[in-house]
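So the chains spell out like this:
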Amino acid sequence: MEELDKFVVVFINDIFVYSATVEEHEQHLRVVLEKLRQNQLYAKFSKCEFWLEEVTFLGHILTAKGVAIDPAKIEAVKEWEQPHNVTDIWSILRLAGHYRRFI
């Protein structure tokens, strides 16, 4: 699907469609929904959310202003216990490396 990473991201059973303008978003939604229909795949309407200005996706909050970390994730990190061994330290360093762009 040539639209992947241009205006659509698929992660397991989540489909995230993003656009710069309302008009562009309407067009992108039509393309994605048509691709699903062509392949006999259907979205359950009750599980769909459309026209959101803020989305939590994979632990991040996405808005027109950019990407931010989900505050719930920050709270979880604040409440971690002090590391007691090398494995714990490496786990924290890996996580910090992932989130360093938000710090």
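Residues numbered from 1 in each chain as written. Predicted model: local features only at pLDDT ≥ 70, side-chain atom pairs only at ≥ 80, totals over all residues. Heavy atoms only, no water.

1. Topic: the pattern of salt bridges
- Following the criterion strictly, the structure yields 4 salt bridges and no others.
- Here Glu 75 and Lys 78 are joined by a salt bridge, their closest N and O atoms 3.5 Å apart. A residue pair is termed a helical-turn pair when its members lie 3 or 4 positions apart in one helix, as Glu 75 and Lys 78 do in helix 2 (residues 71–78) at 3 residues.
- Judged by its relative accessible area of 39%, Glu 75 is partly exposed. (Salt bridge = Lys/Arg side-chain N within 4 Å of Asp/Glu carboxyl O. Helix = DSSP H or I, 4+ residues; strand = E, 2+ residues; numbered from the N terminus. Buried < 20%, exposed > 50% of the residue type's maximum accessible area, 1.4 Å probe, protein only.)

2. Notes on the confidence of the model for the protein chain
- Per-residue confidence for the protein chain gives a mean pLDDT of 86; residues scoring 70 or more make up 98%.
- Looking over the protein chain, one finds the lowest element-wise mean pLDDT in helix 2, namely 79, and the highest in helix 1 (residues 22–38), namely 93. (pLDDT = per-residue confidence, 0-100.)

3. Regarding the side chain of His 25
- Along the chain, the position of His 25 falls in helix 1.
- Residue His 25 is classed as buried on the basis of its relative accessible area of 13%.
- If sequence neighbours within four positions are ignored, His 25 has contacts with Val 17, Tyr 18, Ser 19 and Trp 51. (Contact = heavy atoms within 4.5 Å.)

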